[in-house]
Amino acid sequence: MEKRDDTTDVVRIFDTTLRDGEQSPGATMNVEEKLAIARQLEELGVDVIEAGFAASSDGDFAAVQAVAAALTAPVVLSLSRTKEADIVRAARAVEKARNPGIHVFIATSDIHLKHKLMMSREQVLEAAGWAVDLAKKHVGHVEFSAEDASRSDPEYLCSVFAEAIRMGATVCNVPDTTGYAIPEQLQALFAHLKTNVPGGDRVTWSTHNHNDLGMAVANSLAAVRGGARQVECTINGIGERAGNTSMEEVVMALDTRRDYFALSTNIRTEQIYRASRLLTQVTGIAVPINKPVVGENAFAHEAGIHQDGVLKHKLNYEIMKPEKIGRPSNSLVLGKHSGRAAFVDRLKTLGLFQPELDVNKAFAAFKALADRKKNVYDEDLVAIVAEESTRVPNSYELLSLEASSTTDGTPQARLKVRIGDRETEASATGAGVVDATYAALAQAVERFGSRVPQLERYAVKAITGGTDAQGEVSCLLRDGDTVAIGQGAHTDIIMASALAYLAAVNKLEYLRTYRPVDSEHGP
Ligand code: KIV
Ligand code: ZN
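Procedures and definitions
Counting restarts for each chain, with residues numbered from 1 along the sequence as it is written. Here every chain gets a letter starting at A, and every ligand a number starting at 1, in the order they are written. Two thresholds apply to this predicted model, a pLDDT of at least 70 for residue-level local features and 80 or more for giving and counting side-chain atom pairs, whereas whole-chain, interface and lining totals are computed over all residues. As a rule here, side-chain values come from all non-hydrogen atoms in the structure, and water together with hydrogens is ignored. The predictor attaches a confidence to each residue, and that confidence, scored 0 to 100, is pLDDT. Residues count as neighbours in contact if any of their non-hydrogen atoms are within 4.5 Å of one another. Any residue with a heavy atom positioned within 4 Å of a molecule or strand is treated as near that molecule or strand. Pairs of N or O atoms within 3.5 Å make up the polar contacts considered here, provided that, within protein, one atom can donate a hydrogen while the other can accept it, and that residues adjacent in sequence are counted only when both atoms are side-chain atoms. Areas reported as accessible are Shrake-Rupley estimates using a 1.4 Å probe. Residue values count occlusion only from the protein chains shown. Strands here are runs of E lasting at least two residues and helices are runs of H or I lasting at least four, both read from the DSSP assignment and numbered beginning at the N terminus. As a working rule, the residues Ala, Val, Leu, Ile, Met, Phe, Trp, Tyr, Cys and Pro are called nonpolar, Asp, Glu, Lys and Arg charged, and the rest polar, with Gly in that last group. Simply put, an axis is a line fit to the C-alpha atoms, just over the touching stretch for a helix, and the angle between two N-to-C directions goes from 0 to 180 degrees. Each angle is binned into one of four classes, with values under 35 degrees roughly parallel, values over 145 roughly antiparallel, values of 65 to 115 roughly perpendicular, and all other values oblique. Here is the rule for handedness: rotate from the far helix to the near one, and if that takes an anticlockwise turn smaller than a right angle the crossing is left-handed, while a clockwise turn gives right-handed. A helix's residues, less one, multiplied by 1.5 Å, set its expected span. Throughout, exposure labels follow a simple rule: accessible area from a 1.4 Å probe, protein chains only, divided by the maximum for the residue type, with under 20% read as buried, over 50% as exposed, and the rest as partly exposed. These domain boundaries are the output of an automatic or database domain assignment. Shown as donors are all N, O and S atoms within 2.8 Å of a metal ion, widened to 3.2 Å for Na, K and Ca; because water is not in the atom set, sites may appear incomplete. A pair of strands is considered paired only if DSSP assigns at least 2 bridges between the two. Here a Phe, Tyr or Trp ring, Trp counted by its six-membered ring, pairs with any other such ring whose centre lies within 6.5 Å, and the pair is stacked when the planes are under 30 degrees apart, edge-to-face when over 60, and tilted otherwise. Either the NZ atom of lysine or the CZ atom of arginine qualifies as a charge over a ring when it sits within 6 Å of the ring centre and within 35 degrees of the ring normal.

### Section: the confidence of the model for the protein
Okay, so step 1: Within the protein, residue pLDDT values average 90, and 93% of them lie at 70 or more.
Okay, so step 2: Across residues 1-6 the pLDDT falls below 50, and counting only partners more than four positions away or on other chains, this stretch makes 18 contacts in the model.

This is how it looks when you write it as structure tokens:
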């Protein structure tokens, strides 16, 4: 029998970065990238990982399967509609997990019943119970979600949850699918469900919030006050539209205000910053500079009066310490004469040293960077490790690039690209060197027989200060309805731009291979 923990002082963290998070436009991840994120989530200590929606595409199925086989501590589950084929596929995808789970959902609001499902309340209630019963035949851990719960009739919601519990659900999730809820209302809804749903004292109540009105974290914390003991969230708050509850914000709120909540999580907070950086690297979705906890300015004190106060005593203006989330101090650490032992030692200090990391490759990348750049900072090491741990045998690889620009001449670029054992050269001119490089890359992509994507967004930022800093470029490419974001880091921003472009092209290729099975998937 599963441990009942809705009355304990521990709030379980359910991470859905790989499922709901991946529904952010352009945030597609391939199997290797999902695996790297999942390993980091295990390092973080999350209790449950939603690894994907196995029935939605072959790619999602493969990713859930790979994550299930690789992890030992957390529950690994797959999302599933209340359909037999979905449940069977989810069960197959998680069968190698040490702690497998299935997450069944169906909408319960009248608006969804009438305009999306075209089902009656009775039919939805029956489908919910039937699906939980079937899922329970495959795994012990079955979560049931009432999609659009915050806009559903509370009394009907009680009967659907009661039926799900009767059929064996161990976790009941109450999603605010559209980001419509208000904290006080959500707190009251949880208190109502907990006392009025028959069997409600036997399950863990879970909260799942979207950020359309900027209240996802506040709503999650209010739900916890109402009795929820599981929070569903994503790293950096990525997700559909305005995103989901941000894991680092909710965890650090519970940690920093333990005096108020008297609750804890199993999260190793020192791993938060690395998780945030890794996700940015993989998805190319940058974190706003003023984002709480992980944003660039989250611990920066600019005003003289604040700086003075912090120098006198940190607690004057700091409610949490950057070290607590594993944020490097950006101190100068290594240079081109530093050896392997010093490199490994620094990785260990920063919590970046992990069994799956190919240290030889990471060290070679560090040496190459130290040759180009005088000072290598902790931030650079975070970027190197993130890149090494998500490196995949790419279909497109940049072999060489030569780009030039003069005051009166036309900017031009010449480059060589490889796919497998085929190579091609291309050259082009453009309005600037980046434009010329992208035109040459587009030619190369076309020569290999692929459709040339449209560039929709291009952004560059420096990882650290100084003119020799590594530039981090992210670009968004579109091919019809499909979008992909690529990311590249290099001391030369033209190189970083080319790497970002090819990373996005590789993701588009991946998406062409693993198209969703049907368009009805996705909550
Ligand atoms: O937002 C939502 O309702 C969901 C459910 C599937 C949990 O993501
Ligand atoms: Zn959601």
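This is not the end of the story, as more comes after the structure.
### As for the site of ligand 1
Okay, so step 1: In the vicinity of ligand 1, 12 residues are found, and the nearest of them are R19, D20, T177, H208 and H210.
Okay, so step 2: One nitrogen or oxygen atom from the side chain of D20 is found 3.1 Å from an oxygen atom belonging to ligand 1.
Okay, so step 3: Here an oxygen atom of ligand 1 sits 2.7 Å away from a polar atom, N or O, in the side chain of T177.
Okay, so step 4: Relative to its free-state accessible area of 260 Å², ligand 1 is covered by the protein chains to the extent of 98%.
Okay, so step 5: Of all the elements in the fold, those that place two or more residues in the shell around ligand 1 are β4 (100-107), β5 (141-147) and β6 (171-176).
Okay, so step 6: When grouped by side-chain class, the residues that make up the shell around ligand 1 number three nonpolar, six polar and three charged.

### Considerations on the packing of helix α6 (residues 154-166) against helix α7 (residues 183-196)
Okay, so step 1: Two elements in contact, α6 and α7, have axes separated by 10 Å at closest approach and are oriented at 45 degrees. Judged on the interaxial angle alone, α7 and α6 are oblique. The two elements α6 and α7 cross, and the hand of that crossing is right-handed. For the pair α6 and α7, the contacting residues are P154, E155, L157, C158 and F161 in the first and L189, H192, L193 and N196 in the second.
Okay, so step 2: In terms of residue class, the contact of α6 with α7 is made up of six nonpolar, two polar and one charged.

### Comments concerning α6
Okay, so step 1: Taking 1.5 Å per residue, 13 residues should reach 18 Å; α6 reaches 18 Å between its end C-alpha atoms and fits that length.
Okay, so step 2: All of the buried residues along α6 are Y156, L157, C158, V160, F161, A162, E163, A164 and I165.
Okay, so step 3: Looking at the packing, one finds that the buried side of α6 touches α4 (110-117), α5 (121-136), β5, β6, α7 and β7 (204-209).
Okay, so step 4: Immediately beyond the C-terminal end of α6, within one or two residues, lies G168, with a positive phi of roughly 120 degrees.

### Description of the domain arrangement of the protein
Okay, so step 1: Considered domain by domain, the protein is made up of domain 1 (12-283), domain 2 (328-389) and domain 3 (397-513).
Okay, so step 2: Spacing between the C-alpha centres of domain 2 and domain 3 amounts to 25 Å.
Okay, so step 3: Summed over the shared surface of domain 2 and domain 3, the number is two residue pairs in polar contact (both at pLDDT 80 or more).
Okay, so step 4: For the side of domain 2 that touches domain 3, the elements supplying multiple residues, two or more each, are α14 (359-372) and α15 (378-389).
Okay, so step 5: Here the element with the most residues in the side of domain 2 that touches domain 3 is α15; it accounts for four residues.

### Some words on the coordination of the zinc ion (ligand 2)
Okay, so step 1: For the zinc ion (ligand 2), the protein coordination sphere consists of D20 (OD), H208 (NE2) and H210 (NE2), at 2.0 to 2.2 Å.
Okay, so step 2: Along the chain, the residues donating to the zinc ion (ligand 2) are arranged with the sequence spacing D-x187-H-x1-H. Of this pair, D20 sits in the loop between β1 (12-15) and α1 (31-44) while H210 sits in the loop between β7 and α8 (216-225); the two residues are 190 residues apart in sequence, bridging distant segments of the chain. Each member of the pair D20 and H210 is classed as buried.

### A short note on the sheet that holds strand β2 (residues 48-52)
Okay, so step 1: Taken together, eight strands build a closed barrel; the order of strands is β1-β2-β3-β4-β5-β6-β7-β8 and the barrel is parallel. Here the average twist between neighbouring strands, direction ignored, is 25 degrees.
Okay, so step 2: Examined bridge by bridge, β6 and β7 share six bridges and lie parallel to one another. Bridge pairing links C172 to W205 in β7.

### Looking at the sheet that holds strand β13 (residues 422-429)
Okay, so step 1: Strands sit in the order β11-β12-β13 across an open sheet of three strands; the sheet is antiparallel. This sheet does not close on itself; its edge strands, each paired only once, are β11 (397-404) and β13. For this sheet, the mean angle separating the axes of adjacent strands, direction not counted, is 10 degrees.
Okay, so step 2: As judged from the seven bridges shared by β11 and strand β12 (residues 412-419), these two strands associate in the antiparallel manner. In the sheet register, L398 faces β12, and the bridge partner there is V417.
Okay, so step 3: Strands β11, β12 and β13 of the sheet are contacted by helix α16 (residues 433-447), whose axis makes an angle of about 145 degrees with β13.

### A closer look at the packing of aromatic side chains
Okay, so step 1: Within the structure shown, the criterion is met by 10 aromatic pairs.
Okay, so step 2: A centroid spacing of 6.4 Å and a plane angle of 75 degrees characterise the contact between F53 and F105, whose relative ring orientation is edge-to-face. A residue pair is termed long-range when its members are at least 10 positions apart, and F53 in the loop between β2 and α2 (58-70) and F105 in strand β4 qualify at 52 residues. Residue F53 shares its accessibility class with F105, and that shared class is buried.
Okay, so step 3: One aromatic cluster is present, built from ring pairs that chain together F144, F161 and W205.
Okay, so step 4: Sitting over the ring of F61, R89 keeps its end group 3.9 Å from the ring centre.
Okay, so step 5: The side chain of R121 reaches across the aromatic face of Y156, ending 4.8 Å from its centre.

### Brief notes about the environment of V250
Okay, so step 1: Examined against the element boundaries, V250 turns out to sit in helix α9 (residues 247-256).
Okay, so step 2: Sequence separation between V250 and V231 is 19 residues; the distance between their C-alpha atoms is 8.4 Å.
Okay, so step 3: What V250 contacts, discounting residues up to four positions off in sequence, is I13, V217, S220, L221, V231 and T245.

### Describing the pairing of β4
Okay, so step 1: Across the eight residues of β4, seven count as buried, placing the element largely inside the fold.
Okay, so step 2: Here strand β3 (residues 75-80) pairs with β4 via five bridges, running parallel. Each residue of the ladder has a partner; that of S80, found in β4, is V104.
Okay, so step 3: Where β4 lies against β5, seven bridges are found, and the strand directions are parallel. Counted as the bridge partner of H103 is E143 from β5.

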